[in-house]
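Here's the letter readout for the chains.
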Amino acid sequence: MPSEKTFNQMKQQNILCCRCQLRKTCRQVIPGKGPSDAKVIFIGEAPGKKEDLLGEPFIGASGKLLDKLLLSVHLKRSDIFITNIVKCRPPENRDPSPEEIGMCSSWLEKEISLIQPELLITLGRYALKNFIPESSISLFHGKITSISLGKLENLPLLPLYHPAAALYNGSLKDTLFEDCKKITSILSHKD
Ligand code: URA
């Protein structure tokens, strides 16, 4: 677990980032939120309108569904770290470009390497492709894979559909809740 000082310093540096053009149009940079000793990191795509306004990841409609998902596996927001591959809202919520994702990636890497979680959960195809570029969400969702990231080797990664996709296409909702159950088995094996 990092010291609170190191963890907060990283957040403060992230907040000042203006590496890419997204910072010119968003209201604020939104680093990940949650405890520095979280066992699980959830990784979404990019902040939306409400997140940009209020400065926290996943507090809009997708966040509400995420809360229900967490509840279904007996987790609370305060147990997890939640972040995005891109920390600034893209204009009109467009998809982040590969350049923007690339320029932001070191912030996510810092968050992960400081927290050293037991499990990474990607939400949606952009977050999944950030770790496994040749993957497809329809084939990989719900299947635990493992990745190596810097000094972290064999880190379990569970790809889930994005809550926004399940809100848009109701037929994905049951799959999302079913896939989410895998979290319990991974974490219980660690105890
Ligand atoms: N809110 C976020 O913070 N990230 C997403 O990917 C979607 C909504």
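Relevant structure appears above.
Figured I'd write up the structure that's included with this text.

The rules behind each value
Residues numbered from 1 in each chain as written. Predicted model: local features only at pLDDT ≥ 70, side-chain atom pairs only at ≥ 80, totals over all residues. Heavy atoms only, no water. Near = heavy atom within 4 Å. Polar contact = N/O pair within 3.5 Å; in protein donor to acceptor, adjacent residues only side chain to side chain. Areas by Shrake-Rupley, 256 points an atom, 1.4 Å probe, with all protein chains shown as cover. Nonpolar A, V, L, I, M, F, W, Y, C, P; charged D, E, K, R; others polar. Salt bridge = Lys/Arg side-chain N within 4 Å of Asp/Glu carboxyl O. Helix = DSSP H or I, 4+ residues; strand = E, 2+ residues; numbered from the N terminus. Buried < 20%, exposed > 50% of the residue type's maximum accessible area, 1.4 Å probe, protein only. Pairing = 2+ DSSP bridges. Axes fitted to C-alpha atoms, helices over the stretch in contact; angles between N-to-C directions. Core = buried A, V, L, I, M, F, W, Y, C linked by side-chain atoms within 4.5 Å. Contact = heavy atoms within 4.5 Å.

### Comments concerning the site of the ligand
- In the neighbourhood of the ligand, the contacting residues comprise Gly44, Glu45, Ala46, Pro47, Glu51, Pro57, Phe58, Asn84 and His162.
- Side-chain polar atom of glutamate 51 to a nitrogen atom of the ligand: 3.1 Å apart, as the coordinates give it.
- Take asparagine 84: an N or O atom from its side chain is 2.8 Å from a nitrogen atom of the ligand.
- Alone, the ligand offers 240 Å² of accessible surface; in the complex the protein occludes 90% of this.
- Residues that form the shell around the ligand fall into these classes: four nonpolar, three polar and two charged.

### Let's talk about the pattern of salt bridges
- According to the stated counting rule, one finds six salt bridges in the structure shown.
- The salt bridge involving lysine 87 is made with glutamate 111; its shortest N-O contact spans 2.8 Å. Here lysine 87 is found in the loop between strand S2 (81–84) and helix H5 (98–115), whereas its partner glutamate 111 is found in helix H5, with 24 residues between them in sequence. Just as lysine 87 is buried, glutamate 111 falls in that class too.
- Glutamate 100 is the partner of arginine 94 in a salt bridge, and the nearest nitrogen-oxygen pair spans 2.8 Å.

### A closer look at the sheet that holds strand S4 (residues 145–149)
- A sheet is described by the order of its strands in space; here five strands give the open sequence S2-S1-S3-S5-S4, paired in mixed fashion. Looking at the sheet topology across the chains shown, the edges are occupied by S2 and S4. When the angles between neighbouring strand axes are averaged without regard to direction, this sheet yields 30°.
- Note: strand S3 (residues 119–123) against strand S5 (residues 152–160), four bridges, orientation parallel. The residue bridging isoleucine 121 from the neighbouring strand is leucine 158, located in S5.

### Quick look at the nonpolar core
- Phe42, Ile43, Ile112, Leu120, Ile121, Phe131 and Ile183 are the most contacted members of the largest nonpolar core, which has 55 residues in total.
- Per element, the largest residue contribution to this core is six residues, and it comes from H5.
- Here isoleucine 183 is in contact with Phe42, Val73, Leu75, Leu119, Ile121 and Leu158, once residues within four sequence places are set aside.

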